[in-house]
Amino acid sequence: MKIPYFELQSAYQELKRELDEAVSRVVSSGWYILGSEVEAFEQEYAAYVGARHCVGVANGLDALYLALRAMEVGPGDEVIVPSNTYIATWLAVSYVGATPVPVEPEMLSYNLDPARVEAAITERTRAILPVHLYGQPTDLDPLLQIARKHGLWLLEDAAQAHGARYKGQRIGAHGDAVAWSFYPNKNLGALGDGGAVTTNHPELADRIRVLRNYGSRVKYVNEVKGVNSRLDPIHAAAMRVKLKYLDEWNDRRRALAAYYLEALQDTGLILPQTAPYAEHVWHIFAVLSPERDALQKHLAERGVGTLIHYPIPPHLQAAYRDLGYKPGDFPLSERIHAQELSLPLGPQLRLEEAEYVVEAVRSFRGSVVDSR
Ligand SMILES: *Cc1c(COP(=O)(O)O)cnc(C)c1O
């Protein structure tokens, strides 16, 4: 059997008729920038996540960047970010000219540890930027409390958490703004790049709407130095189809995750845990193993594709040499990066395939504790 880490054809095949209809509707409309299809998606997605406003943009990095710009975070400012995240979270902060200030995760969820945040706040801090990593919401209430107490913005990176809930309420408007990516393999994915910001703040939504379109509200009248970062109608139309299936597809992910958790219990791997406040959407099924590289090779030899999310922590990337960090500065994040392995999991993965993955893991020499 051959099980790729993920492939997108089977998702397309499942919705082929509806997706083809949506795409050809846009193509034949002759309207290719913004317009009614994007507006309809924005309304439907805002309603889905429980936010008053949604602004579609070109990708997830831009969603973060434009939200920070709308918050007027800029040069000389600091933004608290997780030490353990995909580098896009940091890059958005650098992009506005501010400095990312990393804070370590708590090891239950691998998300930003609220208990460590206050110690990182200085008079330059303007925002806290937690990430709902792997599809599990960060503990938002303590972060909201800290943000309020210190007069900071709270911007959430929800690129991996479409449909996830925190204390029963969907991620989408707990903080001041929430940034989304619709990169094709995300839980809600476009047919190319896409992104959005959701928020309950009318001024933030308005500023992002203007910034994404050359800083212009009225054609050829430019209020601010904006950018070109618009969600394409073709992606909006495709996602209007996929949004209807998001909950069902997240349920399938949840069922596979439950199966993995049960079937891999006695393998010696450190399995993902779900915090009591979180409803996880399993964008990534992340296990930790001190023998990660050997396990990955073992699985590859048996046709099981895996990925590492992520191999190098942001503070040790060449891109962030300028911040002067060295190995050992963020040991928890470094440990996750050294040991993490993501098993195949997606709405189109069949149970037989997951069973094959489990067998392949169990046949690894590292699986010493076998109680069967
Ligand atoms: C995917 C992702 C992004 C960036 O999204 P793009 O659409 O690829 O720009 C940002 N943050 C996290 C945590 C992501 O997983």
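Below, the structure is looked at part by part.

Cut-off values and rules
- Within any chain, residue numbers begin from 1 and follow the written order of that chain's sequence.
- Since the coordinates come from a predicted model, pLDDT governs what is reported: local features require at least 70, and pairs of side-chain atoms require 80 or more to be given and counted, while whole-chain, interface and lining totals use all residues.
- To get the side-chain values, all heavy atoms of the structure are used, and hydrogens and water are removed first.
- What we call a nonpolar core is a set of buried Ala, Val, Leu, Ile, Met, Phe, Trp, Tyr and Cys residues that are connected through their side-chain atoms within 4.5 Å.
- The buried label applies to any residue whose accessible area, calculated with a 1.4 Å probe on protein chains only, is under 20% of its type's maximum; exposed applies above 50%, and partly exposed to all values in between.
- Strands here are runs of E lasting at least two residues and helices are runs of H or I lasting at least four, both read from the DSSP assignment and numbered beginning at the N terminus.
- Note on contacts: a residue pair qualifies if any of its non-hydrogen atoms lie within 4.5 Å across the two residues.
- Each helix should span, by expectation, one fewer than its residue count multiplied by 1.5 Å.
- Whenever a helix is involved, its axis is fitted only over the stretch in contact; in every case the axis is a line through C-alpha atoms, and angles between N-to-C directions fall within 0 to 180 degrees.
- Should an angle fall under 35 degrees it is taken as roughly parallel, and over 145 as roughly antiparallel, whereas 65 to 115 is taken as roughly perpendicular and any remaining angle as oblique.
- Crossings are assigned a handedness: left-handed for a near helix turned anticlockwise from the far helix by less than a right angle, right-handed for a clockwise turn.
- Residue polarity follows a fixed list, in which Ala, Val, Leu, Ile, Met, Phe, Trp, Tyr, Cys and Pro are nonpolar, Asp, Glu, Lys and Arg are charged, and the others, Gly among them, are polar.

Remarks on the nonpolar core
- Formed by 45 residues in total, the largest nonpolar core has its most connected members in Tyr45, Val117, Ile128, Trp180 and Phe182.
- Sorting the residues of this core by element identifies helix H3 (36-49), strand S3 (99-103), helix H6 (140-150), strand S8 (177-181) and helix H8 (233-243) as the ones contributing at least two each.
- Per element, the largest residue contribution to this core is six residues, and it comes from H3.
- Every residue in contact with Tyr45, bar those within four places of it in the chain, is listed here: Cys54, His162, Trp180, Phe182, Leu188, Thr198 and Leu243.
- Ala67, Met71, Val79 and Val81 belong to the second-largest nonpolar core, a separate cluster that totals 30 residues.

Thoughts on the side chain of Asn185
- Tracing the sequence through the fold places Asn185 in the loop between S8 and strand S9 (195-199).
- The class for Asn185 is buried, based on a relative accessible area of 18%.

Structural notes on helix H12 (residues 351-362)
- Here H12 is 12 residues long and its end C-alpha atoms lie 16 Å apart, about the 16 Å a rise of 1.5 Å per residue gives.
- Within H12, burial applies to Glu353, Ala354, Val357, Val358, Ala360, Val361 and Arg362.
- On its buried face, H12 sits against helix H9 (246-263), helix H10 (292-301) and strand S14 (340-343).

Quick word on the packing of helix H2 (residues 16-29) against H8
- One way to put it is that H2 packs onto H8 with a least axis distance of 9 Å and a crossing angle of 150 degrees. By the angle between their axes, H2 is roughly antiparallel relative to H8. Both H2 and H8 take part in a crossing whose hand is right-handed. For the pair formed by H2 and H8, the contact residues are Glu18, Leu19, Ala22, Val23, Arg25, Val26 and Val27 on the first element and Pro233, Ile234, Ala237, Ala238, Arg240, Val241 and Lys242 on the second.
- Across the contact of H2 with H8, the residue classes break down as 10 nonpolar, no polar and four charged.

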